[in-house]
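Observations on the three-dimensional arrangement
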Amino acid sequence: MSDNKTHAVIAGGGLAGSLLALTLAERGMRVSVVEKRGDLRSEEAPSGRSINLALSERGIHALKGVGLADTVLENTIPMRGRIIHAVNGETKFLPYSRHSHEFIRAISRPGLNRVLLQRAGDNDQIELHFDTAVSSIDLVQKTISITGSDGQANSLSYDLLFGADGAGSVVRSEIEQSVDLGYQQSMLAHGYKELTIGPEADGGFKLEKEALHIWPRGTYMLIALPNMDGSFTCTLFLPQNSTPGFEQLTTPQAVDAFFSDQFADAKELIPDLTEQFFANPTGVLGTIRCQKWTADGATLILGDAAHAIVPFFGQGMNCAFEDVSVLADFMDSSNYADFSDLLADYEASRIPNANAIADMALDNYIEMRDLVADPVFRLERSVALELERRHPDHFIPKYSLVSFNRISYQRAHEIGHAQQHMLKTLCQECTSLDEIDWDRAASMVLTLPELS
Ligand SMILES: Cc1cc2nc3c(=O)[nH]c(=O)nc-3n(C[C@H](O)[C@H](O)[C@H](O)COP(=O)(O)OP(=O)(O)OC[C@H]3O[C@@H](n4cnc5c(N)ncnc54)[C@H](O)[C@@H]3O)c2cc1C
């Protein structure tokens with residue numbers, strides 16, 4: 001439904017923006033990407049920003065859409081389950097799935113962005129402007145003002161404008177000057193700090209490689225994801241202002257004592273812990289929801305600009321990528337004569353899904369930092385995997401629906417809610433799989449919402 005005359009401008013050449021550029025160019029548009037940062041293809045990534053991410057089915061599907069899945073997957077590490085680290089150093093493996101082909105994958109954020117930008121740079125329909133920030137938008141004239149890092153101001157006109165400029169989106173706040181998007185931001189009381197466990201001298205991994213490691217401590221947690229170079233990126237999620245909290249960890253002694261007390265096995269693997277702790281920034285986390293993502297039938301925000309979520313389901317990027325693949329599906333359908341209707345339908349179908357994954361991500365923080373250490377929760381997860389084995393047409397655990405399937409987030413949320421109720425009922429007063437009433441379970445699964 002477009003031709004070479006349609007000029008799409010994308011604010012932000014991050015994960016969503018670079019994937020979107022490829023998707024629009026493949027559909028015949030001329031695309032300009034305006035990216036505030038320097039060119040990742042030739043520069044080192046800025047430090048302090050989450051450097052590895054969990055990639056799962058929705059993200060992989062979107063990468064297939066631009067022919068990049070195989071290239072990207074070559075540089076990922078399977079994470080087949082969670083390894084839970086108790087305070088006394090004991091560990092326990094909790095698989096993500098009962099199927100060996102179902103796992104999430106650790107991937108480098110800058111590496112992935114670089115692959116997308118390289119492919120975009122090879123496409124003569126796409127112009128990339130680095131070190132250039134979108135500063136304002138004129139929705140009536142359909143122009144954006146851009147400013148280079150040298151202070152040079154310029155403007156670009158567009159037929160379609162996409163705001164893929166992240167949680168602090170300028171496009172979103174500029175639209176809000178004239179259109180009420182129903183924007184809400186709710187900050188978490190917890191922040192995060194990244195730390196690195198380096199590789200062994202021979203490049204090996206100091207922890208089990210194919211897992212996501214969690215040190216759950218009730219109101220806070222440490223996690224670690226593997227990197228291709230043998231290192232792990234750890235993230236400490238902790239309240240800002242509590243006991244313990246970031247505001248208390250102001251001296252090397254305090255940090256050292258906190259880690260010795262709570263994460264002794266991890267601390268041993270980070271000899272320069274306190275140096276890293278004070279050199280790396282403390283990030284903030286929050287959820288952004290909007291009631292509208294479009295303006296004037298020609299402007300759309302997507303990815304974190306439209307729906308930033310907390311990172312505890314590992315779905316922010318996957319959801320941003322799914323935004324692009326769902327938009328592509330709308331563009332490929334023959335139902336639309338113009339973009340205005342298409343964007344309105346896209347927005348109406350997608351917002352409930354963004355809200356659903358935002359809610360599930362918030363719920364998952366409690367699961368990761370607290371419940372994974374609870375024997376009742378672990379039994380419920382084992383029962384869920386066994387139910388999937390016995391009743392594959394009626395029961396797929398919520399985690400799998402979100403991470404290994406592409407059923408809508410909204411539907412996964414509804415089904416997950418019903419499953420949780422059922423698991424609680426079945427596991428009441430049981431301590432092992434042998435004690436579960438499987439006949440009762442067989443009739444209960446039939447009352448669950450359908451898996452579609
Ligand atoms: C600690 C942490 C861990 C996470 N882990 C995961 C995970 O495991 N799995 C997962 O799926 N997601 C994860 N996420 C979420 C994921 O990082 C985001 O959802 C994803 O980066 C969103 O992509 P985006 O392109 O919408 O935004 P961004 O990645 O923020 O990209 C926005 C781009 O816009 C540019 N920009 C900003 N303002 C302007 C402007 N005015 N003009 C021009 N350019 C501009 C920025 O420089 C940036 O390149 C995590 C997030 C955090 C914070």
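Residues numbered from 1 in each chain as written. Predicted model: local features only at pLDDT ≥ 70, side-chain atom pairs only at ≥ 80, totals over all residues.

1. Quick look at the sheet that holds strand E7 (residues 104-108)
Spatially, the three strands line up as an open sheet ordered E3-E7-E4, and their pairing is antiparallel. Two strands lie at the open edges of the sheet, namely strand E3 (52-55) and strand E4 (77-79), each paired on one side alone. Across the sheet, the mean angle separating the axes of adjacent strands is 35° when strand polarity is ignored. The pairing of E4 with E7 spans three bridges and is antiparallel. Bridge pairing in E7 places methionine 79 opposite isoleucine 104. (Pairing = 2+ DSSP bridges. Helix = DSSP H or I, 4+ residues; strand = E, 2+ residues; numbered from the N terminus. Axes fitted to C-alpha atoms, helices over the stretch in contact; angles between N-to-C directions.)

2. Focus: the sheet that holds strand E19 (residues 299-301)
Judged by pairing direction, the sheet is mixed, and its six strands sit side by side in the order E8-E2-E1-E12-E19-E18 without closing on themselves. The sheet terminates laterally at strand E8 (126-129) and strand E18 (294-295), the two strands that pair on one side only. The pairing of strand E2 (residues 30-34) with E8 spans four bridges and is classified as parallel. Note that in E8 the partner of valine 34 across the bridge is histidine 129.

3. Details of the site of the ligand
In the region of the ligand, 33 residues are neighbours, and Gly12, Gly14, Gly166, Gly303 and Gly316 sit closest. Those elements that place two or more of their residues in the shell around the ligand are helix H1 (15-26), E3, strand E9 (132-138), helix H9 (304-307) and helix H10 (316-332). Looking at which element gives the most residues to the shell around the ligand, the answer is H10, with four residues. Grouping the constituent residues of the shell around the ligand by class yields 15 nonpolar, 13 polar and five charged. (Near = placed C-beta within 6 Å. Nonpolar A, V, L, I, M, F, W, Y, C, P; charged D, E, K, R; others polar.)

4. Notes on the domain arrangement of the protein chain
Segmenting the protein chain into domains produces domain 1 (7-81 + 104-184 + 286-364), domain 2 (187-281) and domain 3 (374-445). Summarising the inter-unit geometry, the C-alpha centres of domain 1 and domain 3 are found 34 Å apart. Facing 13 residues of domain 1, the contacting portion of domain 3 comprises nine residues. Those elements that provide at least two residues to the side of domain 1 that touches domain 3 are helix H2 (57-65) and helix H11 (339-369). The element that contributes the greatest number of residues to the side of domain 1 that touches domain 3 is H11, accounting for six residues. Within the side of domain 1 that touches domain 3, the residues separate by chemical class into six nonpolar, four polar and three charged. (Domains from an automatic or database assignment. Contact = placed C-beta atoms within 7 Å.)

5. Observations regarding the environment of aspartate 265
Mapped onto the elements of the fold, aspartate 265 is located in helix H7 (residues 264-268). Along the backbone, aspartate 265 and histidine 85 are 180 residues apart, and their C-alpha atoms lie at a distance of 8.5 Å. Dropping the residues within four chain positions of it, aspartate 265 is found in contact with His85 and Gly89.

6. Some thoughts on the packing of H10 against H11
For the pair H10 and H11, interaxial distance at closest approach is 10 Å and the crossing angle is 155°. Relative to H11, the element H10 is oriented roughly antiparallel. Where H10 crosses over H11, the two elements pack in a sense that is right-handed. Side by side, H10 and H11 meet where Cys319, Asp323, Val326, Leu327, Phe330 and Met331 of the first sit next to Leu342, Asp345, Tyr346, Arg350, Ala354 and Ile357 of the second. Here the residues of the contact of H10 with H11 are counted per class, giving nine nonpolar, no polar and three charged. (Parallel < 35°, antiparallel > 145°, perpendicular 65-115°, else oblique. Left-handed = near helix turned anticlockwise from the far one by under 90°.)

7. Side note on unusual backbone geometry
Of note, the bond from threonine 243 into proline 244 is cis; its omega dihedral lies within 30 degrees of zero at 0°. Mapped onto the elements, proline 244 comes out in the loop between strand E16 (232-239) and helix H6 (252-262). Of note in this structure, lysine 142 is not a glycine but carries a positive phi near 55°. Among the structural elements, lysine 142 can be located in the loop between E9 and strand E10 (143-148). Residue lysine 142 is classed as partly exposed on the basis of its C-beta count, with 18 C-beta atoms lying within 10 Å. (Buried ≥ 20, exposed ≤ 12 C-beta atoms within 10 Å, placed from the backbone.)

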